[in-house]
Structures are given as structure tokens and as C-alpha cells.
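Take a look at the letters that make up each chain.
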Amino acid sequence: MDNIFTIKSGDISRTMLVAAGQNAVESLGRRVCGFDVFAGDGFVRNMLIEENAVADILVLVLPGQDANLDLRIEMAGQGASCRLFGLYLCPDNERLSVNVGLVHKVGRCKSHQLFKGIVSGTSRTSFYGRIVVDSDAQVTEAYQENHNLLLSDTAKVDTMPQLEIYADDVKCSHGATIGKLNEDEQFYMRSRGIPESEAKVLQMVSFISPVLDILPDGEEKTRLASYVEHCVRTGF
């Protein structure tokens, strides 16, 4: 991999990649919840994770922003771990491409990927995720999920998670879903006096909230979660 960012043995790297309007980026600052914040509409990262090193990566794509994310991650040392979580909110005419390639080269490493998106209007999103477990990477754990809420007939979501496993002693899974808001849940909330618009917002916030679980609890996380909820309320 060219232009490789290496996480040295035993180190911890926490990175937040944010695609949003300038005001949102400025309000976040350069560091949130211990994560270094990088802003832009195109992210290309080649990462190599050495022995017992940790990489936590959070991707935020907020309304009104097109973005392309291209990540190449290599688990190169035993005991390495990587958590890659992302959420995207595309209510209008956004264009988003997510491309993740993660290779387990050695054994006893863990990776967990979770991407969740809400797509409406005439937006177009694509998710392509590929995990490769080499033959020498025994005792590997690798998980990948991509889940989407599609809220309009004119929006489009493409998702393609893939697993290539060449080792025997592994725990691996991948999955993808594209669905709509649950009308039974809306009916339940409305029967208890919650307006329909509020019920929909609560469903959307609940859907994406697991992505923020990568952040440590505290005031900064609460503030960021409130801002994401604001984006849902005003965008959809």
C-alpha cells in the first residue's frame, strides 16, 4: 500500500472522518472524545496495524455533503484490533461512495465494521466492503455490517459486503439490509400520544445510535449525539 499510515505495536489510534458543512466541522473542533477529527469530502486512508495496536475509526457523513471514502486496512501483527463505525444521512440529492478493503494477514486479530445510513430524496449511496482472511490468519474474528433505511422511492442504495476466508479457525460474518421505518412501531408510539413526525424521528435516531457507541461516554459524546439528532430532525 502506498502512503501507508502505520499504527505501531501497542499504540492506540482514534480517528474521526467527517463530511459535513463548514459550520458543523468548526463546531466539532479538531478533537472529540479523544478522536482526532479530519474534515473533507474525500477520504483515502491506507493503514497498517501492527502487533497489539488498536485502530478506532468513526465516519460521519451529514446532510448536504457528497463524499467518497476509500479505506485499505491491513492487520499485520498478532493481537491487532480495528473498529470501523460509520453513519451517513442523505436526505436530498447527496452522492456517497464507501469502499473498504480489510485484510487479516496474521492470526489472533479482531476487526468489527458497522455502517448505518438513512437515505431519502434522490440520493445515491453505495457500500462496498471486502474482508480477506489469509491462510496464516488463524484465530481471526472479523465482522462487517451495513444497514440502511430507504425513505423514498426515488433514492437508491447499493450494498455489497464480501468475505474471503482462507483460514480454518475463524469467527467471521457479514450482512447487509435495506428497509423502511417500522409502521407497527410508529402505531405503538402514536397510540401513546407521540405525534407521527416525532415517532419517525425517534425511530431514525434509534437506528443510527449504535454507531456512536464507539465513542466513550461523557459530555462530548452527548453533545455530538444531540447534533446528529438535530441533523435528522431538520434533514428528513
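Here the residue numbers are simple positions, counted from 1 along each chain's written sequence. Residues qualify for local features only when their pLDDT is at least 70, as the model is predicted, and side-chain atom pairs are given and counted only at 80 or more; totals for whole chains, interfaces and linings, by contrast, use all residues. Side-chain numbers here rest on the full set of heavy atoms in the structure, without hydrogens or water.

Draft legend 1. Quick look at helix α3 (residues 196-208). Numbering of helices and strands runs from the N terminus, with a helix taken as a DSSP run of H or I at least four residues long and a strand as a DSSP run of E at least two residues long. Any helix carries an expected span of 1.5 Å times its number of residues minus one. Across its 13 residues, α3 extends 19 Å between first and last C-alpha, which sits within 8% of the 18 Å expected from 1.5 Å per residue. Each residue gets one of three labels from its accessible area relative to the maximum for its type: buried under 20%, exposed over 50%, partly exposed in between, using a 1.4 Å probe on protein chains only. Buried within α3 are the following residues: A199, V201, Q203, M204, F207 and I208. Working rule for contacts: check all heavy atoms of both residues, and any pair within 4.5 Å makes them a contact. Contact partners of the buried residues in α3: β8 (81-90), β10 (110-119), β12 (140-150), α2 (183-190) and α4 (219-235).

Draft legend 2. Representation of the layout of surface pockets in the model. A 1.4 Å probe that fits but cannot get out identifies a cavity on a 1 Å grid over protein atoms alone, an open set with protein on both sides within 12 Å along at least five of seven lines counts as a pocket, and a residue lines either if it has an atom within 4 Å of a point. Grid points are joined across faces, edges and corners, and a volume is the space filled by probe spheres set on the points. Taken as a whole, the largest pocket holds about 180 Å³ of empty space. Lining the largest pocket are L150, L151, S152, D153, K180, L181, E183, Q186 and K200. Taken together, the residues that form the lining of the largest pocket break down as 3 nonpolar, 2 polar and 4 charged. Of the volumes computed, that of the second largest pocket is approximately 150 Å³. Along the walls of the second largest pocket sit S120, L151, L181, S197, K200, V201, M204, V232, R233 and F236, which together make up its complete lining. Taken together, the elements giving at least two residues each to the lining of the second largest pocket come down to α3 and α4. It is α3 that provides the largest number of residues to the lining of the second largest pocket, a total of 4 residues. Here the lining of the second largest pocket is built from residues that sort into 6 nonpolar, 2 polar and 2 charged. Residues are grouped as follows: Ala, Val, Leu, Ile, Met, Phe, Trp, Tyr, Cys and Pro are nonpolar; Asp, Glu, Lys and Arg are charged; every other residue, Gly included, is polar.

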